[in-house]
Structures are given as structure tokens and as C-alpha cells.
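Here is what each chain is made of, one letter per residue.
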Amino acid sequence: MKQTFYILSIVLLLSSCKVSKNVIEKIDFKTEYKFSSEIENKVFTDTVPWKYQISASEYATKGDYKNALIHWDFAMRTSEKEYSKSQIDSINQTYSKVNATDYIIEQANKNQVIIINEAHHNSFHRVFTKSLLKKLYENGYTNLGFEALGNGDYLDSTLNNRKYPILKTGYYIKDPQFGNLVRDALEIGYNLFAYEDIAEGNGKQREIEQAKNIQQVINSKPNEKFLIHCGFDHALEGTHQSWEKAMAGRLTEYTGINPLTINQVVYSEKSNGKFNHPLLKALDIKEPTIIIDKKNNPFKYEREEAWTDIAVFHPNTDYIDNRPNWLFENGNKNVFIALGDIQLEFPVMVLAYKKGEDINVAVPIDIIEVVNKTENCNLGLKKGVYEIVVTNGKESFKFEQKVK
């Protein structure tokens, strides 16, 4: 009887393994995401002065954070700067560090409009804004404006009903981390709206039209709260050196509302820590941080006669399995994707789609390029069911992946 039980147990175990094995299906699939070789070839042959800004955004779009930082630093010709020991000691004696999320949520209760910026090559800025969404929503912020949303003829008019972003939702939103920011906002219950200027005017006119578009939405919901996610200088108040006023300053002019403006661009990591802003290096940041003086006033970002109310200091990224550590936080798991059974010529692109979303048009949850079969493939995924697509641009396969 005991021998029969052992045999039965082994048969059941083998049967269970056979059932749980992924079913790999060959599919017709084309992707807009570029392989690294394509990006590098374009940089090599391109002659425009801003070619590295383009390549930095393209690397960010395909989930390659490390190369996005490297190419942005090529574009900006970054140099190494240091504060003296006495300067560093003075800074640390003058300011105290507080958790950025806690401070922003506390200030949110005193404001109707929050404007936070991003660098278009930096996926972590999108991750940080996403980390604020739930608490801001609980504090009354129910409307979310994205500069990156297509507008006019490019408006994704079904986004709020469809509940997930597609490749045509916006150029920068093709970055999985931006896609996840949009997706989470929709799941939480935000009303998303586009406000980008669709005319072909100059910089000053663009700021005016952006502010007027936001003003129109605010006027339609005068008692509601708004979060605005924009790029770079659009979050500046005061006098802008090129535009007279940026979008944030124009918004105050048109609505009378003084927004809480947040800059997370200036004090973020470079491709190498030695190139970081000397103030970021002096503070030895371990988490997204805001610094306050002895009177509890936050450190502002100031440039000539322009400013943002708050500057966020972001820590250097650590890498796990050659991927940013923050991919595996806030509910995301580090999921190993086995590629051994897939017969494809490498390199391959591995894209994870939420089950139920259209893989032909949806923005994936995560992407990684895998150069060869000996290289690990790890994705940052929440609990759920995903369709994993593996493609080399010529042939493509998909299989289902459950994350428990």
C-alpha cells in the first residue's frame, strides 16, 4: 500500500507540473519599441544637435533607465562639481530632511492645485508621481492633467472609459512607467485631461495656451482639486527668462489660484553619482526627500526670478538583476521570466501586458531587452495575470504568466 501511495504521489506531481507549464504560442506581433542597436545606429548617423536628448527619451521609453541617464548626460555635457567640507557642514546644520511624500500630502490639504514636473528621460519621476496618487485622491484631488497626453487631433478620447493607455495616448506615455502612472490614476478614479497647446506658436504662446486649457477645466469644476504633471520648466512660477511666465505662472494670472509647485528634476541623479548636483551629494539622500530650515520653510528651487515652492531630492538608484531597485517596490515583485523554451534569435524584447488589455495597442506594464540566453530576464510586476510577449522583430511568441 505504501509503495502504491508513493507512485500515485509522483504521478500526481508530474501531472501538476505538466498542467502548470506555460503554453507558448507563436503570434504575429509588431512593436514600436526600438532595440538598443537601432537607437545607437540612429545616434551614430544623426546630425541634429539634440540627438542625445532624443536617444535618452527612446531609452526611457523602452525601459532602459541606465542608458537613458547616460545619453541625457551626453546631451547636457555634464561636469563634476563639489562643495567644500565647510559648505557641506553648513548645509547639514541649516536644514533637516523630511520624507517628501509625507510633506507633499500635508501641504496638499492647504492647496487646490499641485503642479509637479518631470524630466522626459527620467522614468523614476513618473514612478514618484504615481506613488502620490492614492493619498492625494484621498485628500480630494480627483482631476489629473498630463502635458504628455495627446491633444486636438491626437486626443485619446476613449482613455477615461477604456481605463488603460495605448501607444497613441501620448509619445512619452509609451514608457511603461508613464503608462503605469496613467493606468493607476484611472484605476484609483481620477478624471484625466489633456492640456497641451496644439497650435504651432512660440514658447511664450505655448505657456499661455497650456494655462488657458487648464483654466477651462478648473472653471468647469471650481470646487474640485487638481494635480498637474508637466515637463521641466513649465512648473516655474515668477518671471521666466525666455517665456516671461511659464505655465504655472500664467495659471495663477488667469485663475487667481496660487498652486503648490514641485520640482523633482534638478536634484535627481545623473548617470554617475560624481556628476550629481553638489547639494544632492552633500545631503546623502536615502529616500525622496524635502529639506526644511529651522523655521520649517521648505528649500525652494530658484533660478533668477523664477522658482518652485518645493524641491524634491531623489536618491541614487541601486540595481537588482541589472534593473532599478524602485521597479520592485510599491507592490511590485521581482519576477523572473524563463526564456529557455523559446526558440528565437537574440537579442529579444520581452514585454509584459496586463491580461485583458490589447497587446497590439496597449502600453506594456514593463519591458526589457535581453541580449542573449545567458542573461537574466526580470520584470517588475504586481500580483495578477500577464501576457508575456517575446519578439526579436522578425518572430514573436507569447505565453501567460501568473504573479502570486
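Described below are features of the structure shown in this document. (Residues numbered from 1 in each chain as written. Predicted model: local features only at pLDDT ≥ 70, side-chain atom pairs only at ≥ 80, totals over all residues. Heavy atoms only, no water.)

1. Overview of the sheet that holds strand β17 (residues 366–370)
Across the sheet, which stays open at both edges, the 5 strands sit in the order β1-β20-β19-β16-β17 with antiparallel pairing between neighbours. Each having just a single partner strand, β1 (25–27) and β17 make up the two edges of the open sheet. Each adjacent strand pair in this sheet contributes to an overall mean axis angle of 30°, direction not counted. (Pairing = 2+ DSSP bridges. Helix = DSSP H or I, 4+ residues; strand = E, 2+ residues; numbered from the N terminus. Axes fitted to C-alpha atoms, helices over the stretch in contact; angles between N-to-C directions.)

2. Comments concerning the packing of helix α10 (residues 203–220) against helix α11 (residues 247–255)
Here α10 crosses α11 at 50°, and the two axes come no closer than 8 Å. What the angle tells us is that α10 and α11 run oblique. Regarding α10 and α11, the two cross each other, and that crossing is right-handed. Along the contact surface, α10 presents Lys 204, Glu 207, Ile 208, Gln 210, Ala 211, Lys 212, Ile 214, Gln 215 and Ile 218, while α11 presents Met 247, Arg 250, Leu 251, Tyr 254 and Thr 255. (Parallel < 35°, antiparallel > 145°, perpendicular 65-115°, else oblique. Left-handed = near helix turned anticlockwise from the far one by under 90°. Contact = heavy atoms within 4.5 Å.)

3. What about the sheet that holds strand β12 (residues 310–311)?
One open sheet holds the 6 strands; their spatial order is β5-β4-β6-β3-β8-β12, and the pairing between them is parallel. Of all strands in the sheet, those bounded by a partner on one side alone are β5 (191–194) and β12. Where strand β3 (residues 113–118) meets strand β6 (residues 225–231), 6 bridges bridge the pair, whose relative direction is parallel. Residue pairing across strands places Glu 118 opposite Gly 231, the latter belonging to β6. On the sheet, α11 packs against β3, β6 and β8 (260–263) and is oriented at approximately 165° with respect to β3.

4. Quick look at the layout of surface pockets
Here the largest pocket defines a volume of roughly 720 Å³. Along the walls of the largest pocket sit 34 residues, with Trp 72, Met 76, Phe 232, Val 265 and Lys 270 positioned nearest its centre. When the residues that make up the lining of the largest pocket are grouped by side-chain class, the tally is 13 nonpolar, 14 polar and 7 charged. Taken as a whole, the second largest pocket spans an internal volume of roughly 510 Å³. Lining the second largest pocket are 29 residues, and of these Phe 124, Lys 286, Glu 287, Pro 288 and Pro 315 lie nearest its centre. Secondary-structure elements contributing two or more residues to the lining of the second largest pocket are α6 (100–108), α7 (123–138) and α12 (278–283). Looking at the lining of the second largest pocket element by element, the count peaks at 4 residues for α7. Considering only residue class, the lining of the second largest pocket consists of 10 nonpolar, 12 polar and 7 charged. (1 Å grid on protein atoms, 1.4 Å probe; cavity = no way out; pocket = protein on both sides within 12 Å on 5 of 7 lines; lining within 4 Å. Points joined across faces, edges and corners; volume = space filled by probe spheres on them. Nonpolar A, V, L, I, M, F, W, Y, C, P; charged D, E, K, R; others polar.)

5. Here's the deal with the pairing of β8
Strand residues, when the strand is regular, have side chains that alternate between the two faces of the sheet. Covered by surrounding structure in β8 are Leu 260 and Ile 262 together with Thr 261 and Asn 263, the residues of both alternating faces. As paired elements, β3 and β8 share 3 bridges and run parallel to each other. For Ile 114, the partnering residue across the bridge sits in β8 and is Leu 260. Across 2 bridges, the pairing between β8 and β12 is parallel. Residue pairing across strands places Ile 262 opposite Ile 310, the latter belonging to β12. (Buried < 20%, exposed > 50% of the residue type's maximum accessible area, 1.4 Å probe, protein only.)

6. A closer look at unusual backbone geometry
Between Phe 346 and Pro 347 the backbone carries a cis peptide bond, its omega angle lying at 5°. Mapped onto the elements, Pro 347 comes out in the loop between β15 (333–336) and β16 (348–354). For Lys 163, which is not a glycine, the phi torsion comes out positive at approximately 80°. One can find Lys 163 in the loop between α8 (159–162) and α9 (176–188). Positioned with a positive phi, Asp 321 is a non-glycine residue whose angle comes to about 55°. For Asp 321, the location among the structural elements is in the loop between β13 (319–320) and β14 (323–324).

7. Let's talk about the pairing of β17
Among the 5 residues in β17, 5 count as buried, and that is most of the element. Burial of the side chains of β17 extends over both faces: Asp 366, Ile 368 and Val 370 are buried on one face and Ile 367 and Glu 369 on the other. In this sheet, β17 lies alongside β16 in antiparallel orientation, the contact comprising 5 bridges. When the bridges of β17 are listed, Val 350 appears paired with Ile 368.

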